[in-house]
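# Coordinates in review
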Amino acid sequence: MLDSIKKAAKEIVTNMMTYYTGMNPGDNPGNLPDPYYWWEAGAMFNVLIDYWYFTGDDTYNDITMQGMLWQAGDTGAFMPNNQSKTEGNDDQAFWGFAAMSAAERNFPNPPSDKPQWLEMAQAVFNTQAPRWDPSTCGGGLRWQIFTWNNGYNYKNTISTGGFFHLAARLAKYTGNQTYSDWAEKAWDWISDVGFMTNDYHFWDGASDLTDCKEMNQIEWTYNNGVFLLGAANMYNAVREAKVCCKYRCETDFSQTEDPKWKERVQKILDSSEIFFSETPANVIYERACETVNTCMVDQRSFKG
């Protein structure tokens, strides 16, 4: 059975890589050609990291290393100049996810004179945290990073959700309370502003010109996905504490296993049932567009 799964995975990944040309001379490493978006390349490398981890096949490791280093840049924050007209907070977050996966999976690290995987994930977080914007809607991240891009006035679930997700994984990986605090803050804002309903459905977002009162109530699979994995990491996050006796203090590391996060994981999982078809059973689909054949290039990859 395991060999069959590995064989199927290899066929899928081999087919996926027929779309990628960034390793060719004169091409731009890390970019997918039109019509595919920059963030989708970040998601693609995340898949390749998982593929290597679960199968041991290192066929695409060098390509992954090359593409991610090129797009991460000298700072490691995935803010390349060639994306300044299109890069949003959500786009950057997906590259941060790939770097975080590389750290978690112990994917071979870049040369010592280059940013390391954990540094890249932290660099994404460190550029996004200052963008938290309480001047409208009480907080959250804007969709777009730069004022000149269409959508700068839109605050959406995936941008703040991506920030939450990355903070939660960094909290689990490092035990640093700062990341846990930011994850809690991002979760609370999504709930308070109403982008997440009481029954754990996630709306797309709203304009800050209306103080986020008029919401776009489209539901996308990837909003559930980023919050589901983020909440699971918060449940498994490590708490660092000082335990002192009469003569000395020691650092104690223990998993939080906070029941509120367990409940949240279960409720997100339950609400995600709307994305699974009945005929055929248990096949995930993008209900907002797939049944009417209106999914655009990026929307077709959301459920991935």
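See the structure above.
The helix and strand inventory of the protein chain stands at 9 helices and 5 strands. Across the protein chain, helices and strands are ordered from the amino to the carboxyl terminus as α-α-α-α-α-β-α-α-β-β-α-β-β-α. Here the C-alpha radius of gyration of the protein chain, 20 Å, is about what a compact globule of 304 residues would show, namely 19 Å. If one aligns the C-alpha atoms of the protein chain with their principal axes, the spans along those axes are about 60 × 50 × 45 Å.

Attention now goes to the pattern of salt bridges. Taken as a whole and judged by the stated rule, the model has 10 salt bridges. Between Glu-104 and Arg-169 there is a salt bridge, and its shortest N-O distance comes to 2.7 Å. Linking Glu-104 in helix 4 (residues 89–104) with Arg-169 in helix 6 (residues 157–174), this pair joins segments that are 65 residues apart in sequence. Note that Lys-267 and Glu-263 form a salt bridge whose closest N and O atoms lie 3.1 Å from each other. Remark: Glu-263 and Lys-267 occur in helix 9 (residues 259–271); sequence separation between them is 4 residues, near one turn of the helix.

For the bond running from Asp-34 to Pro-35, omega is 10°, close enough to zero to count as cis. For the bond from Thr-279 to Pro-280, the omega torsion is -5°, close enough to zero to count as cis. With phi around 55°, Phe-78 is a residue other than glycine that occupies positive phi space. Relative to the helices and strands, Phe-78 resides in the loop between helix 3 (61–72) and helix 4. You will see that Asn-293, though not glycine, has its phi angle at about 55°, which is positive. Among the secondary structure elements, Asn-293 is positioned in the segment after helix 9.

Attention now goes to the state of the cysteines. Taken as a whole and judged by the stated rule, the model has 2 disulfides. Across the disulfide from Cys-137 sits Cys-212; the S-S distance is 2.1 Å. Disulfide Cys-137-Cys-212: the torsion about the S-S bond is 85°, which places it as right-handed. In this pair, Cys-137 sits in the loop between helix 5 (117–128) and strand 1 (154–156) while Cys-212 sits in the loop between strand 2 (205–207) and strand 3 (215–216), placing the two residues 75 residues apart along the sequence. One exposure class covers both Cys-137 and Cys-212, and it is buried. Each sulfur in the disulfide pair Cys-289 and Cys-295 lies 2.0 Å from the other.

Let us now look at the packing of helix 5 against helix 6. The contact between helix 5 and helix 6 brings their axes to 10 Å, and the two run at 135°. As summarised for this structure, helix 5 and helix 6 are arranged oblique, according to the angle between their axes. The interaxial crossing formed by helix 5 with helix 6 has left-handed handedness. Counted together, Leu-118, Ala-121, Gln-122, Val-124, Phe-125 and Gln-128 of helix 5 and Phe-163, Leu-166, Ala-167, Leu-170, Tyr-173 and Thr-174 of helix 6 form the full contact between these two elements.

The antiparallel open sheet is built from 3 strands, whose spatial order is 1-2-3. The open sheet has two free edges, formed respectively by strand 1 and strand 3, since each of these has just one partner strand. In this sheet, strand 2 lies alongside strand 1 in antiparallel orientation, the contact comprising 3 bridges. If you follow Lys-155 over to strand 2, its bridge partner there is Ala-206. Contacts between helix 6 and the sheet are confined to strand 1 and strand 2, with strand 1 contributing the most and set at about 50° to the helix.

The interhelical angle for the contact between helix 1 (residues 2–16) and helix 2 (residues 38–55), taken along N-to-C directions, is 155°, at an axis separation of 11 Å. Classified by the angle their axes make, helix 1 and helix 2 are roughly antiparallel. Regarding helix 1 and helix 2, the two cross each other, and that crossing is left-handed. Contact with helix 1, carried on its side by Lys-6, Ala-9, Lys-10, Val-13 and Met-16, involves Met-44, Val-47, Leu-48, Tyr-51, Phe-54 and Thr-55 of helix 2 and no other residues of that element. Of the residues in the contact of helix 1 with helix 2, the class split is 8 nonpolar, 1 polar and 2 charged.

Take the environment of Asn-153 next. Looking at where Asn-153 falls in the secondary structure, it is placed in the loop between helix 5 and strand 1. Sequence-wise, Asn-153 and Asp-208 are 55 residues apart; in three dimensions their C-alpha atoms are separated by 5.6 Å. Not counting the four nearest positions on each side in its chain, Asn-153 is found in contact with Arg-142, Ala-206, Ser-207, Asp-208 and Leu-209.

Procedures and definitions
Residues numbered from 1 in each chain as written. Predicted model: local features only at pLDDT ≥ 70, side-chain atom pairs only at ≥ 80, totals over all residues. Heavy atoms only, no water. Helix = DSSP H or I, 4+ residues; strand = E, 2+ residues; numbered from the N terminus. Rg over C-alpha atoms; globule rule 2.2 N^0.38 Å. Salt bridge = Lys/Arg side-chain N within 4 Å of Asp/Glu carboxyl O. Disulfide = S-S within 2.5 Å. Buried < 20%, exposed > 50% of the residue type's maximum accessible area, 1.4 Å probe, protein only. Axes fitted to C-alpha atoms, helices over the stretch in contact; angles between N-to-C directions. Parallel < 35°, antiparallel > 145°, perpendicular 65-115°, else oblique. Left-handed = near helix turned anticlockwise from the far one by under 90°. Contact = heavy atoms within 4.5 Å. Pairing = 2+ DSSP bridges. Nonpolar A, V, L, I, M, F, W, Y, C, P; charged D, E, K, R; others polar.

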